[in-house]
Amino acid sequence: MIQKLDKLVFILLIFLNLSAVHCKSIENVKTRPNIVIIVADDLGSYDVSLSGNDEILTPNIDALGYQGVVFNRHYTQALCGPSRAALLTGKYPIHTGMQHLVILPDEPRGLPLSEKLLPQYLKEVGYKTHIVGKWHLGYARKSFTPTLRGFDTHTGFLGGYVTYFNYTAWFSNTPYTPGFDFYHNEKVYNETVGEYLTDVLTNRASEIIGNHNPEHDPLMLYLAHGAPHAVDIMEKLEVNPEDLETVAHIKDPDRRTYAAKVKALDRSVGKVVTALKEKDMLENTIILFFSDNGAPIEGLYANAGSNYPLRGQKDSPWEGGVRGLAAVWSPLFQKRHYVSSHMIHVTDWLPTFLRASGATTYKSENIDGLDIWSTLDYNKPPAREEMVQNIDPIDGYTAYYYNGWKYINGTTSGGVYDYWLGSRSFDLNPEASSYADVVMKSPVWQALNPFATRLLKPSDVDDIRRKTKITCQRQYETLNTCNPLKAPCLFYLDADPCEMNNLADAQPGRVVELQKRIKELEKTMLPPGNLPSDPKADPALNDGLWTWWLDREEL
């Protein structure tokens, strides 16, 4: 009897809390919610346990999804720099000149200065804006760097990756010496050399939260991790030994090293959410987690990740390069604790966050992202029917989606990434049998559960998790004829997420319709902004640094 009364009291408290949160929902949006964006680097779409993986348990990331919303069809670009450009501009890379490859370490360009970025919009309505971690949108001139593009502070690295303890980068396909790349604002920052990169970035993000005054200004924090990106082949074991111990059950040494990096990433999410809790900021905060692209299974920076069961990988036109999970949480959302199958693109976050912040100037800009606030708030279907995954005139490939159908013409790297890569047997984590309990004991669950809209049980966790599963259609031999280097391929992605059956021959009229639309889009494209390499970027000529060499040579 007492237990029943306790349960009724708990439910009543939840109801009262919900009513208060619901009433405050619109009010808090008007008073500018804090925005925390956490981005992983090259994380495989199957490498969070929320997706059903029982090999690497990620209870903090998972808890963010269970307590909030899991977007099972969250799309990015196939490479890190273009994805970051799309996030911060709200535009497809074809409209910013970022559609081919990434900005190379010796390339004298940046994301065009004519582009207005998310932190610049947010500063107009009073936000304090911070970036911690990876930039990768150009540093040949200081004017390309974060603190001159709308961020109040930056602690992290400017290029594509650094080693996890020494913060240097060496690119084996260039003639240059290794260079140091870690800054606080515009100054070289070497005080934490020897400390593990993921933890250093996490501590800095937590420090920013701890020092923030939420009564005075709203916060925008962009935590762009380097994990679990691989470093150069010369530096294999770039992991925290304590994290490595937690994945000792994984037999393959490369996979085990990768898993340790993912565990550090999960710890980071736990610490950041805990910092928000300790600062009493959660009741007016939106937290978003996703990866910039899929894992590279093969190639120079292969990291032993998995995009199972999707086709392809990073730097390819296939789903394994662009489709992943996103977990987003806020007590401002009226509906939570579910998996959404709505298709979301990384460009959608800019107008959505700006709408929540009260900013309006973005409406006069020609952005590609859609405001999905009503999708976040109560799972209303978004207006998006179309998605330009990429049109790359240099590599000569197009990947385009419209209303369930995906068109691919051409590919990358001669087609070596066009398959279902990285098929492996996964080693069961000993704690997998008590998965729900592990999640419910995590710091993120403990911090967010007081805001839950209903009493969540282990069975709810298991039920939500089951709904993230991607089920491949049966592969028919007569339809397994796709070679995008010879002819366009067409997939009905809504029923065939693993891109197993090419329907181009069966649907010639649809192929023609999509090609007509792609030609219209090509008329709106900017040419790729890629520039020839500049050997003056060599760290040996710049005090051992990857730095704004164009400014230095003009002094």
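Residues numbered from 1 in each chain as written. Predicted model: local features only at pLDDT ≥ 70, side-chain atom pairs only at ≥ 80, totals over all residues. Heavy atoms only, no water.

## Brief notes about empty space enclosed by the protein
Alright, step 1. Summed over the entire model, instances satisfying the criterion amount to 4 cavities of 30 Å³ or more.
Alright, step 2. As for the largest cavity, its lining consists of 20 residues, of which S45, F290, S291, G324 and L325 are closest to the centre.
Alright, step 3. Listed by contribution, the elements that provide at least two residues to the lining of the largest cavity are β10 (285–291), α8 (319–322) and β11 (323–329).
Alright, step 4. Considering each element in turn, the lining of the largest cavity owes the most residues, 5 residues, to β11.
Alright, step 5. For the lining of the largest cavity, the residue count by class is 10 nonpolar, 9 polar and 1 charged. (1 Å grid on protein atoms, 1.4 Å probe; cavity = no way out; pocket = protein on both sides within 12 Å on 5 of 7 lines; lining within 4 Å. Points joined across faces, edges and corners; volume = space filled by probe spheres on them. Helix = DSSP H or I, 4+ residues; strand = E, 2+ residues; numbered from the N terminus. Nonpolar A, V, L, I, M, F, W, Y, C, P; charged D, E, K, R; others polar.)

## Topic: the state of the cysteines
Alright, step 1. Using the criterion set out here, one finds 2 disulfides in the structure.
Alright, step 2. A disulfide bridge connects C472 with C498, and the sulfur atoms are separated by 2.0 Å. One disulfide, between C472 and C498, carries an S-S torsion of -70° and so falls in the left-handed class. Placement of C472 in the loop between α13 (458–466) and β16 (489–492) and of C498 in the loop between β16 and α14 (508–522) is noted, with a sequence separation of 26 residues between them.
Alright, step 3. Overall, the relative accessible area of 30% leaves C472 in the partly exposed class.
Alright, step 4. What pairs with C482 in a disulfide is C489, and their sulfur atoms sit 2.0 Å apart. With the S-S bond torsion at 100°, the cross-link from C482 to C489 turns out right-handed. As far as burial versus exposure is concerned, C482 and C489 are alike and both buried.
Alright, step 5. When the bonded cysteines of the protein are numbered from the N-terminus onward, they pair as 1-4, 2-3. (Disulfide = S-S within 2.5 Å. Buried < 20%, exposed > 50% of the residue type's maximum accessible area, 1.4 Å probe, protein only.)

In short, geometric facts, not functional conclusions.
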